[in-house]
Every structure is written in structure tokens, then in C-alpha cells.
Amino acid sequence: MKHLAPPLAALMVMQGCGNNEISPATPSEAKTPPMFVERAAESGLNFRHHSGASGNYYLPESLGAGCGLFDADGDGDLDAVFVRGHNLEDSADTGSQNVFFRNDGKGHFTDETDNSGLNDLGYSHGVTCGDVDADGDIDLYITNFGDDCLYYNDGTGQFTKASNTASAAANDFSVSSCFLDYDRDGDLDLFVTRYLDWSVDIAGGCFNLRGGRDYCNPLRYGRPLPDRLLRNDGQGHFTDVSVSSGISGVKGNGLAVASTDLNGDGWPDVYVANDKSPNALWINNQDGTFTESAGQMGCATGLDGTTRAGMSVAFCDLDQDGDFEIHVSNIEGEADGLFENQNGRFLDRASGWGIAGTSRRHTRWASRFLDINADGKEELIVACGKVLRGMNPSREEAPYAESNLVYEQVAVGRFSAMKNVFDPAVPVEATHGVAHGDINGDGRFDLVMVSRDGPAQLWLNNPQSDTELATRIDVRTAMNTPALGARLKVAYANGRSQQYNVDVSVGYASTSSHVVQTSGKVDRIEVSWSDGRTTQHLGPWDSGTLIKINQTAGQGSND
């Protein structure tokens, strides 16, 4: 492929500002204010997930669902979408419909599902977003037990469902997906994980430690599926290239997927967390094909070679050496995987880096590295919710609920449990999906969480916790849409540097803001765009600044 000289990218800098309308803290919060306070009801974000559970313990029910934050109408704030299922023995109705909320820019939401066009009644697990038809707005892809759905956005938050032909839909069991430009032709292609070949007819009876019926693990069925790769023609029409690319050659129980360059060759690779089958690392061969290399590169299983119940994927340059480590969350009794990238070879460092022991005591789902306290080091947030009922659940009405985990870096390569993150007065749920972004425009990340058969939670960054204003880096394409797949090398005034990936689909079945959040004075940013071009952007920018970089021709400028 012949590459043209890279154009300079336009750049804009803005000081942090916003409207913060969090209600006053209670007296208990004032004494020791938590970092986040729950404000879903006050903000109008009223949603409850339904798995359709009716006592038959059908496998799709146990997976819960993800959630999404994205700018549906181009007004600069984050709108929300939630997906859910229905009773698999009955026909779906509007009570099981996915739900869309519009943000007014101040963190107040209005349910506009009926006017959105997002009217699919499938059994939904996940959502991701990106501009698939290059018209400058954000489209949605929803994974289902059944036909997946692609929705085109008209730019106002009104959606039209693509035909099954245009979306290359297949009637199967999909959970997570992510957009990437695997062939570097300038449009967004799509990778979709598939779980297993399952139907109500083969549902089996399994039991928990209490002796009661409960959900089976995928090994009970022994019917894994290969994942799918769909190629975009540039107009938002997709063709299944799973066979020709090599993706169809490996079967697994895929639950989570994310993409970045993991071997340093400048091309996007794909990592898949599989449930009770080896995780997959698809290395891009730069010719439209991939080679599965997780076993060879050391990130397919735990150190002892056993397969684990992979449920989430997250990337971070933890050791600040310019490449990405991989975090994989797993089920109770198994440690998380935390694979250190050693020049394209991986070593599971979960024990040495301090998360193995704590993680074994929980069932973990969505995970994400975020600098939530703006201290220059990324914390690890992990959502937790049991798959099987515990012996003594704290709440019988929520038998799968358990506390989420947050780790902070106390040193390079060392994590410790972080205290006082979430308001302890809020009931614990069985959290599966997590999305993040600045919801109320105050320059700080907030979190949306969705629990299996439970309510959505909106965790706003608490102004009383004295969190510093973050440095935010907003990188966009020439169409002013998120520059998915771009990689940033950020050089700070104190001499350190760190690599970041611009993505929206990490964790479990969820989609989030693409804005990179960090802290500290920044001297320089190098952007490696998804099409292979590289641009340099010179500061300095003070800590707390919003830095906007746009991939357009012309001289870069500081405003």
C-alpha cells in the first residue's frame, strides 16, 4: 500500500468548564465524601434490566448486558442507551425494548426511545458505536441472541435499522463487538464475538452450592463458535470476511473483545476474552488476514496453562514503556489475568502486581483503566456480579449482587485496593456493564453501570471529593467523529511519557466516551492515526486543559 505524506492535524485547546448540578451531599457524605455519588433517579436515568429469567435458568440470562454512552445528536454531550432481554419462552414485547435517553448537556436525561427508531425487540447483550457510513455522526451496533442490529444515525439521534444484508446479520449468539479499521482503508470494520451454539431446546439442569438449580457453564454444552469479522465498503454496508481473514478457523466462547496494536507494527490487532476456552490474540498480517497467536505470545491462559472464564478486556500502558498491557476479568475462584507486554510477548503478572488474591473472591465483568482521581496514574475499575447464587446472599432479592472492585497504582507495577470510591449507602447490585464519560460537563469522568435484572446506576464524580480537573484529549477524524484506533504518545513536562489508545469498546459489551483522560502538564502529543499516518502536536498544555485534535489538512493551531 502506498502512503501519502501525512497532513498536519488541526488542534484546539480549551480550559475546563461545565455545569455541575449534583445535589448537596448528606451529612455522612460530608464527613468522608466518596469519590462518586449515585444520582440516576435525580438525573432521569430510570432503567431496569430484564434478563427474562423465569426459573428455567436459560444460559443467555446469566450474561446480563452492557450499556452505552455516546453523542447521538452531535450537541457535544453524552446520551445513553441500554439493552436488555426477555422471557425466551415468550414473544418479545415493548417491555423488553432497548431504551435510549437524551442528555440535555447538564446531566439530565429524557427517555426518547419511542422517537429514536431503536425499536428492535431482540434479546440484546451489547452495544458499540462508530461512524460506519462516514456521514459525520455516530451509528450503533447491537449484539443479540438472534440477529444483530446495525442502526444508521441521521445526525439528530434518529436511527434507521439497516437491512440484514447491509449489516451481514447472522442468527446466532453474539455478545460483544468493536469497530476497527483492520485494513487501514479509512472506514470502520467490525469484529463480533460469538458465545456458543445454544437454543432453548438444549437447556440443561445445573446446580449451585446450595443444591438448587442454577446456570450451566459453556463446557456443559461443548458447542463453541468462531467469531466474525465484517468488512465495511465505506458506505456502511458490511461483508462477512471471517473465512478469508482466518478468523473463522478458531472456535471459542467469546464474551469480550477490544482492538489496538499489540505487537508494535502499527496495525490493529484484536484480543478476545473467551469463557472456559483459551483467549485469542489475532495478530494482523497486514494483508487482510489474521493469525491467532495468544498461546505463542503468552496471553491465552493463566500461568498454569488452565483456561479461565474470560469476561472483559482492557488495555493500558501500565509500565510506561510505550506498549499496552492486557487485563482480563474472570469468574470467582480464578484470578484475573494482567498480562505485561514485553516487546510483543506477554507474562501474566496479576499476582506480582497485586490483584490476584482480591479478584479471586469475586466474579468480575466489565473492566477499565481510568485516571478517576486525576493523579496521573490509571486506576483499574472492575464490575462484579455473581453467575451462581452464593451460600448466604446479603440480599435475597438480589442473589447475584456483590461489591465492585477498584485498584489504585501505588507504584509502577503494583496495585492496591482503593477505598471510599462509591457511596456505601447505595445497595450493591450484580453489575455487568460499565460505560464512562463526562456526563454533566464538569470536566471529570462519571460512570454508568447496569446490573443483571437490576437498575441502572449513574455515578457522578463528587465535587466534594476535591478531585483535580483532568487533562482531557479529544481526538477526532476529519468528519469530526471519534478517531477510533488512533494511538497517542503523550510526553509530559516531568519527563515521563505514556501510550494511550482511542477506543470506545473495551470492558464488557459496552461503549464509552473516546476522550482520553490524564493529568499533568503536557509538552507534546504524537498521534498515530488508524490509517497509518502520524502527526506531531506541540504544547505545552497546563494540567486541567481540554485538548482537541482533529485530523484535517492545514496548519495546527492553539486557540
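Each chain carries its own residue numbering, running from 1 in the written order of its sequence. Whole-chain, interface and lining totals are the exception, using all residues; otherwise, since this is a predicted model, local features are given only for residues with pLDDT of at least 70 and side-chain atom pairs are given and counted only at 80 or more. Computation of side-chain values covers all heavy atoms of the structure but excludes hydrogens and water.

### Points about the environment of Y152
Part 1: Note on placement: Y152 falls in strand β9 (residues 149-153).
Part 2: Judged by its relative accessible area of 17%, Y152 is buried.
Part 3: For the pair Y152 and G236, spaced 84 residues apart in sequence, the C-alpha separation works out to 8.3 Å.
Part 4: Other than its neighbours up to four places away in sequence, Y152 contacts V132, D133, D139, Q158, F159, T160, A162, A166, G236 and H237.
Part 5: As used in this structure description, the phrase polar contact means that two N or O atoms lie within 3.5 Å; if the pair is within protein, one of them must be able to donate a hydrogen and the other to accept it, and residues adjacent in sequence are counted only when both atoms belong to side chains. Of the polar contacts made by the side chain of Y152, one reaches the backbone oxygen of G236; its length is 2.7 Å. Each helix corresponds to a stretch of at least 4 residues labelled H or I by DSSP, and each strand to a stretch of at least 2 residues labelled E; elements are numbered beginning at the N terminus. Burial classification: accessible surface area is computed with a 1.4 Å probe over protein chains only, and a residue below 20% of its type maximum counts as buried, one above 50% as exposed, and the rest as partly exposed. The contact definition used throughout considers only heavy atoms, calling two residues in contact when any of these lie within 4.5 Å.

### Examining the environment of L63
Part 1: Inspection of the secondary structure assignment puts L63 in the loop between α2 (40-43) and β3 (67-70).
Part 2: In sequence terms L63 and L255 are 192 residues apart; their C-alpha atoms lie 8.8 Å from each other.
Part 3: If near-sequence neighbours (up to four positions away) are discounted, L63 is found in contact with H125, F173, V175, Y195, L255, W365, H432 and Y508.

### Structural notes on the pairing of strand β34 (residues 471-476)
Residues in a regular strand point their side chains to alternate faces of the sheet.
Part 1: Extensive coverage of β34 is indicated by the burial of 5 of its 6 residues.
Part 2: Whether two strands pair depends on DSSP finding at least two bridges between them. Of the strand pairs in this sheet, β34 and strand β37 (residues 516-518) are connected by 3 bridges, and their pairing is antiparallel. Across the sheet, residue I473 finds its bridge partner in β37, namely V516.
Part 3: Here β34 runs beside strand β40 (residues 545-550); their pairing, made up of 5 bridges, is parallel. What sits directly across from R476, in β40, is N550.

### As for the confidence of the model for the protein chain
Part 1: One confidence number per residue, pLDDT, is output by the predictor and ranges from 0 to 100. Model confidence for the protein chain is summarised by a mean pLDDT of 91, while 93% of its residues fall at 70 or above.
Part 2: Predicted confidence is poor over residues 1-30, with pLDDT under 50, and the contacts of this stretch with residues over four places away or in other chains come to 84 contacts.

### A few points about the nonpolar core
Part 1: Here the nonpolar core consists of buried residues drawn from Ala, Val, Leu, Ile, Met, Phe, Trp, Tyr and Cys, with membership extended through side-chain atoms lying within 4.5 Å. In this structure, I372 and L447 are the most contacted members of the largest nonpolar core, which totals 36 residues.
Part 2: Listing elements by their share of this core, those giving two or more residues are β11 (172-180), β27 (364-370), β28 (379-384) and β32 (446-451).
Part 3: Setting aside residues up to four positions removed in sequence, L447 forms contacts with F36, L370, I381, F422, V434, A435, H436, Q457, L458 and W459.
Part 4: With 30 residues, the next largest nonpolar core counts A65, F70, A162 and V192 among its residues.

### Considering the pattern of salt bridges
Part 1: For salt bridges, the criterion is a side-chain nitrogen of Lys or Arg within 4 Å of an Asp or Glu carboxyl oxygen. In total, this model carries 19 salt bridges according to the counting rule given.
Part 2: With a shortest N-O distance of 2.8 Å, D73 and R102 are connected by a salt bridge. With D73 in the loop between β3 and β4 (79-82) and R102 in strand β5 (residues 99-103), this residue pair connects regions lying 29 residues apart in the sequence.
Part 3: By relative accessible area, D73 is classed as buried at 17%.
Part 4: Judged by relative accessible area, R102 falls into the buried class, the value being 16%.
Part 5: Two residues, E334 and K276, come together in a salt bridge whose shortest N-O distance is 2.5 Å. On the criterion of sequence distance, the pair formed by E334 in the loop between β24 (325-329) and β25 (337-342) and K276 in the loop between β20 (269-274) and β21 (280-284) is long-range, its members being 58 residues apart.
Part 6: Exposure remark for E334: the relative accessible area of 11% places this residue in the buried category.
Part 7: What you see here is one network of salt bridges that share partners, running through D73, R102 and E112.

### Section: the sheet that holds β4
Part 1: If you trace the 4 strands from one edge of the open sheet to the other, you get β3-β4-β5-β6, paired in antiparallel fashion. Whereas interior strands pair on both sides, the edge strands pair on one side only; in this sheet they are β3 and β6 (109-111). Averaged over all pairs of adjacent strands, the angle between their axes in this sheet comes to 20°, without regard to strand direction. As a rule, the C-alpha atoms of each element are fitted with a line to give its axis, helices using only the stretch in contact, and angles between N-to-C directions run from 0 to 180 degrees.

### Remarks on the pairing of β4
Part 1: The alternating pattern of β4 places D79 and V81 and A80 and F82 on opposite faces, both of which are buried.
Part 2: One ladder, built from 4 bridges, connects β3 with β4; its direction is antiparallel. Paired with C67 across the two strands is F82, which belongs to β4.
Part 3: As paired elements, β4 and β5 share 3 bridges and run antiparallel to each other. If you follow F82 over to β5, its bridge partner there is V99.

### Quick look at the sheet that holds strand β22 (residues 290-292)
Paired through their backbone hydrogen bonds, the strands of a sheet run either parallel or antiparallel.
Part 1: The strand order across the open sheet built from 4 strands is β19-β20-β21-β22, with neighbouring strands paired in antiparallel fashion. Each edge of the open sheet carries a strand with a single partner, namely β19 (254-260) and β22. Across the sheet, the mean angle from the axis of one strand to that of its neighbour is 20°, orientation sign disregarded.
Part 2: The pairing of β21 with β22 spans 3 bridges and is classified as antiparallel. Bridged to W282 within β22 is E292.

### Some details on the packing of aromatic side chains
Part 1: Any two rings among Phe, Tyr and Trp, with Trp reduced to its six-membered ring, count as a pair given centres within 6.5 Å; such a pair is stacked if its planes are under 30 degrees apart, edge-to-face if over 60, and tilted if neither. A full pass over the atoms with the stated rule returns 15 aromatic pairs.
Part 2: Residues Y182 and F290 carry aromatic rings whose centres are separated by 5.9 Å and whose planes lie at 45° to one another, so their mutual orientation is tilted. One end of the pair, Y182, is in the loop between β11 and β12 (189-194); the other, F290, is in strand β22, and 108 residues separate them in sequence.
Part 3: Three or more aromatic residues link up through ring pairs in this structure, and these residues are Y58, F145, F173, Y195 and W198.
Part 4: Across the ring face of W267, the terminal group of R184 is positioned such that the distance to the ring centre comes to 4.0 Å.
Part 5: The ring of Y492 has R496 lying over it, and the distance from NZ or CZ to the ring centre is 3.8 Å. In this analysis the charged atom, NZ for Lys or CZ for Arg, is taken to sit over a ring once it is within 6 Å of the ring centre and within 35 degrees of the ring normal.

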